Amino acid sequence: MEITGHTKLTGLLGSPVSHSISPLMHNKAFELLGLDYSYLCFNVGVDSLADAVHGLRTLGARGWNCTMPDKQRMCELCDSLSPAAQMIRAVNTVVNENGILIGHNTDGIGYMMSVKEAGFDIIGKEMTLLGAGGASTAIAVQAALDGVKALNIFNRRGRSWEHAVKLTDTINTNTSCRASLYDLADAASLEKCLRESSILTNGTSVGMAPHESECILSDDSLLHPELIVSDIIYNPRKTRLLQMAQAKGCPTFNGLYMLLFQGAEAFRLWTGKEMPINAIKQAYFTPSN
Ligand code: ATR
């Protein structure tokens, strides 16, 4: 695709960013649809974020993504926030509407689309979510906004516990979903919640490379074949949790398509067009790459 005098700039802010699959995915999609856009990576630390955003706004960039740990700071730099970004208090996608910066969070949307893509419908059902970090928060809020009936959040009593308390309260105040918070060490509650849930989602980083041998559940005794088991981790493609669940007869899926669909939603917000999902999947999201 040629860069012209009309090319609209999009990109990724964060540090590090050079490993990201986003430029490949977006530039390929722009090319396939013949859109005069370009996506670049900018290595920007949180201390330079305000300057970078000021520059992008001045230059008339169409929009950008940002990665951790900039997502919370990006919230404060936007002029307005989508309802989900407001509740999550983190922004991963900005749209520049003639100098007005609108902050969105497409991570939760990406997860909910990946549930559909895997062939499941969890609207009106109960969900158990492990973790209350950045990714889990986005998933919890979007699941509640989309109509999941009840959400059981399990987190350890550590760094993010206070945040988890606020998250549960935000969901109960702003949505019709009934959210409850439990200590991850509370095995009796986990057993009860998993019996009543349609889906279990591991939103923690436990089991991610290079710690593939770790598993967020100590054994498979709480899993049952009617439970969908998903992991937001995509490296490795099959975590110990997913291996254990498959052996128990549970349907499973990993975090690969959450990554794809959070990008697809950002693409839609910037261009007004649907990302050519099948072509992008084939190019960058096959089970082995
Ligand atoms: P991300 O942006 O990928 O969501 P994060 O915000 O650091 O990353 O969140 C990671 C989540 O995994 C948190 O809920 C974290 O719990 P703490 O805040 O208590 O650390 C959880 N997590 C990480 N390691 C864990 C472990 N060994 N056991 C249980 N939970 C863990």
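Heads up: these notes are all about the structure in this document. (Residues numbered from 1 in each chain as written. Predicted model: local features only at pLDDT ≥ 70, side-chain atom pairs only at ≥ 80, totals over all residues. Heavy atoms only, no water.)

When you go through the chain residue by residue, the secondary structure sums to 11 helices and 12 strands. Here the C-alpha radius of gyration of the chain, 19 Å, is about what a compact globule of 289 residues would show, namely 19 Å. Each principal axis of the C-alpha atoms in the chain carries an extent, and together these give about 60 × 40 × 35 Å. Looking at the 289 residues of the chain, the share that counts as buried comes to 51%. Within the structure as shown, the chain displays about 13,100 Å² of accessible surface, and the carbon and sulfur contribution to it stands at 51%. Here the chain holds 24 positive side-chain charges and 28 negative ones, and the gap between their average locations is 2 Å. (Helix = DSSP H or I, 4+ residues; strand = E, 2+ residues; numbered from the N terminus. Rg over C-alpha atoms; globule rule 2.2 N^0.38 Å. Buried < 20%, exposed > 50% of the residue type's maximum accessible area, 1.4 Å probe, protein only. Areas by Shrake-Rupley, 256 points an atom, 1.4 Å probe, with all protein chains shown as cover. Lys, Arg positive; Asp, Glu negative; His and termini not counted. Charge placed at Lys NZ, Arg CZ, Asp CG, Glu CD.)

A word on the site of the ligand. Around the ligand lies a shell of 15 residues, among which Ala-132, Gly-134, Ala-135, Arg-156 and Ser-160 are the nearest. Within the side chain of Asn-155, a nitrogen or oxygen atom sits 3.1 Å from an oxygen atom of the ligand. In the complex, the protein chains occlude 76% of the 650 Å² of accessible area that the ligand would expose alone. When the residues that make up the shell around the ligand are grouped by side-chain class, the tally is 5 nonpolar, 8 polar and 2 charged. (Near = heavy atom within 4 Å. Polar contact = N/O pair within 3.5 Å; in protein donor to acceptor, adjacent residues only side chain to side chain. Nonpolar A, V, L, I, M, F, W, Y, C, P; charged D, E, K, R; others polar.)

Here we take up the nonpolar core. Ranked by internal contacts, the top residues of the largest apolar core, which has 30 residues, are Tyr-111, Ile-122, Met-127, Leu-151, Ile-171 and Ile-199. It is helix α6 (residues 134–146) that contributes the most residues to this core, 6 residues altogether. Ignoring anything within four residues of it in the chain, the contact list for Ile-122 reads Met-112, Val-115, Met-127, Val-148, Ile-199 and Ile-228. Counting residues in each nonpolar core, the second largest holds 23 residues, with Ala-29, Met-275, Ile-277 and Ile-280 among its members. (Core = buried A, V, L, I, M, F, W, Y, C linked by side-chain atoms within 4.5 Å. Contact = heavy atoms within 4.5 Å.)

In this section: the sheet that holds strand β1 (residues 8–14). Strand order in the open sheet formed by 6 strands is β2-β1-β3-β5-β6-β4, with mixed pairing between adjacent strands. Among the strands making up the open sheet, the edge pair consists of β2 (37–43) and β4 (80–81). Sheet strands in contact with helix α1 (residues 22–33) are β1, β2 and β3 (63–66), and its direction is about 170° off that of β2. Sitting on the sheet, helix α10 (residues 256–271) touches β1, β2, β3, β5 (93–97) and β6 (100–104), and the angle it makes with β5 is about 5°. (Pairing = 2+ DSSP bridges. Axes fitted to C-alpha atoms, helices over the stretch in contact; angles between N-to-C directions.)

Below, the discussion takes up the pattern of salt bridges. Under the defined criterion, the tally for this structure stands at 10 salt bridges. Residue Glu-76 pairs with Arg-73 through a salt bridge whose shortest N-O separation is 2.8 Å. On the criterion of helical spacing, the pair formed by Glu-76 and Arg-73 is a turn pair, its members being 3 residues apart in helix α3 (residues 70–77). By relative accessible area, which is 57% here, Glu-76 ends up exposed. (Salt bridge = Lys/Arg side-chain N within 4 Å of Asp/Glu carboxyl O.)

Here we come to the pairing of strand β9 (residues 178–183). If a strand is regular, its side chains alternate between the two faces of the sheet. As defined by bridge partners, strand β8 (residues 150–155) adjoins β9 across 6 bridges and the pair is classed as parallel. Paired with Phe-154 across the bridge in β9 is Tyr-182. Considered for its hand, the β-α-β crossover made up of β8, helix α7 (residues 161–174) and β9 is right-handed. (Right-handed = clockwise from strand over helix to strand, strands pointing away.)

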